[in-house]
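# Per-entry structural report
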Amino acid sequence: MGYEGDDERAQLVRRLEAMEQEMESLRADARRWRALMTARCLSVSIHHPVGKTHAVNAGWEALWRAPAEVFLQMNYNMLEDAQLVENGIMPHVERFFRGEEVAIPPISYDTDLVEELTGKKGGAVWVCSFGVPVHDAGDGFEGVLFQFAVPEAAEIQHKYEALIEEQRTLQASLEARNRELEETVRVIAAQRDAIQAMSVPVIRVADGVLCLPIVGMIDDARASMLLERLLEAIAAQQAAQVLLDITGVPALDARAAAQLVGAASAARLLGASCTLVGVSPALAQTLVELGVDLGGLDTAATLAEGLTRALAARRGAAQRSAAVAARAPERGERGAAQRSAVVTPRAPERGERGAAHRPAALLPPGEALYRKR
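What you are looking at is a predicted structure, and each value in this text was computed from that prediction instead of being measured.

### Quick notes on the overall build of the chain
Looking only at helices and strands, the chain has 12 helices and 10 strands in total. Looking at the chain as a whole, 29% of its 373 residues are labelled buried. A separation threshold of at least 6 residues defines the contact pool for the chain, and within that pool the share at least 24 residues apart is 55%. Here the chain has roughly 24,100 Å² of accessible surface; of this, 58% comes from carbon and sulfur atoms.

### A closer look at the pairing of strand β2 (residues 53-56)
Both strand β1 (residues 43-47) and β2 contribute to a ladder of three bridges, which runs antiparallel. In the sheet register, His47 faces β2, and the bridge partner there is Thr53. Where β1 folds back onto β2 in an antiparallel hairpin, the turn is made up of five residues, including Gly51, whose phi is positive at roughly 105 degrees.

### Some words on the packing of helix α8 (residues 220-237) against helix α9 (residues 254-269)
Packed helices, taken two at a time, are described by their axes: the angle between them and the distance between them. It is the contact of α8 with α9, at a shortest axis distance of 10 Å, that shows an interaxial angle of 15 degrees. The orientation of α8 relative to α9 falls into the category roughly parallel. Our pair here, α8 against α9, has a crossing hand that is right-handed. Here α8 contributes Asp220, Ala223, Leu226, Leu227, Leu230, Leu231 and Ile234 to the contact with α9, which in turn contributes Arg255, Gln259, Ala263, Ala266 and Ala267. In terms of residue class, the contact of α8 with α9 is built from nine nonpolar, one polar and two charged.

### Concerning the sheet that holds β2
The strand order across the open sheet built from five strands is β2-β1-β5-β4-β3, with neighbouring strands paired in antiparallel fashion. With one partner strand each, in any of the chains shown, β2 and β3 (102-110) form the two edges of the open sheet. In this sheet, neighbouring strand axes are inclined to one another by 30 degrees on average, regardless of whether the strands run parallel or antiparallel. Note: β1 against strand β5 (residues 141-149), five bridges, orientation antiparallel. In the strand pairing of β5, Ser43 is matched with Gln147.

### What about the packing of aromatic side chains?
Tallying each qualifying case throughout the model produces five aromatic pairs. When the ring of Phe130 is compared with that of Phe148, the centres are 6.1 Å apart and the planes differ by 15 degrees; the resulting orientation is stacked. Residue Phe130 is located in strand β4 (residues 124-135), and its partner Phe148 is located in strand β5; the two are separated by 18 residues in the primary sequence. For Phe130, a relative accessible area of 36% translates into the label partly exposed. Feature note: the residues Trp60, Phe71 and Tyr76 constitute an aromatic cluster, connected by ring pairs.

### Notes on the nonpolar core
Counting 29 residues, the largest nonpolar core has Ile214, Ile218, Leu230, Val242, Ile246 and Leu252 as the members making the most contacts within it. Of all elements in the fold, only β7 (209-215), α8, β8 (241-248), α9, β9 (273-277) and α10 (281-290) reach the threshold of two or more residues within this core. Ignoring any residue separated from it by four or fewer positions in sequence, one finds Leu252 in contact with Ile218, Ile246, Ala257, Leu260, Leu283, Thr286, Leu287 and Leu290. Counting 22 residues, the second-largest nonpolar core is a separate cluster that includes Ala68, Tyr76, Ile89 and Val102.

Analysis parameters
Residues numbered from 1 in each chain as written. Predicted model: local features only at pLDDT ≥ 70, side-chain atom pairs only at ≥ 80, totals over all residues. Heavy atoms only, no water. Helix = DSSP H or I, 4+ residues; strand = E, 2+ residues; numbered from the N terminus. Buried < 20%, exposed > 50% of the residue type's maximum accessible area, 1.4 Å probe, protein only. Contact = heavy atoms within 4.5 Å. Areas by Shrake-Rupley, 256 points an atom, 1.4 Å probe, with all protein chains shown as cover. Pairing = 2+ DSSP bridges. Axes fitted to C-alpha atoms, helices over the stretch in contact; angles between N-to-C directions. Parallel < 35°, antiparallel > 145°, perpendicular 65-115°, else oblique. Left-handed = near helix turned anticlockwise from the far one by under 90°. Nonpolar A, V, L, I, M, F, W, Y, C, P; charged D, E, K, R; others polar. Phe/Tyr/Trp six-rings, centres within 6.5 Å; stacked < 30°, edge-to-face > 60°. Core = buried A, V, L, I, M, F, W, Y, C linked by side-chain atoms within 4.5 Å.

Here you go:
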């Protein structure tokens, strides 16, 4: 019996010690909770799962500058707060009232809009919120909402708005600058086209004679413009002679020479012959070393020599045209006279020979009788 009593006493002691430890833990939790509920730097509010608030601490009064008793009598429902909808955080609040832990982003809450709930004039307050559900032994829970002011958020908001405005101003400035750059590029392109056009001038030196002085290197773009302007000028002025003056070309490679030959061939298709003038000894030696075939392109040492040849060719063409025009009427008259002399005498002869050869049956009766006699 003694041993059994000792065991019971030992079990009771152990249970008492466990209960004391549990009580001490509860006392510690209570102290901590009381510290939270009495803290003025942290707002704590207790909410029913349906959204209504049924308890707040002193920190809530300090944060929202309103008496707790008056606020709790207002029957405030967090799920029906329009400002939370406007701020875009209602989805977080709904999750909180479904029993989830949530961290709600900082928002600016204007208590002036809910003055009837607080009973006194308020103002905009930047707050950061955290929601924690506290479950009971069953399926129920209470929502504990911790909130604290973020005074720096107002300054951050101002800086953010200033940054946004600065960004808008910068964007507008960049767009204006882009427009200026586009206009500058357009002007530069127009100037470049004008310079390129001026770098390939086509000069009318005489009636039907064009001169195209080329200064500088001949690249693909310039050769293309040279060909285009040359053909346009030949077609517009009905030119028969073209002088390609390369006196100002410092060097001529095989590709550039081939482009000049191509331009001369294209000009021939329009009825104009080309003469390459201004070939320096150095260029001639280079062309020989490269083995460039000028394709029968006429050449002249100087522009004066080329111009003399072109004018002589034009005078010769004009004289030949005049001679042909003068001989045309003479040939026409002589041909008409010869045709008349041949046709007129033969008419009676053909008539007599035809009558002699016609059968008697086909002759008139008098004529047939006369021939029989």
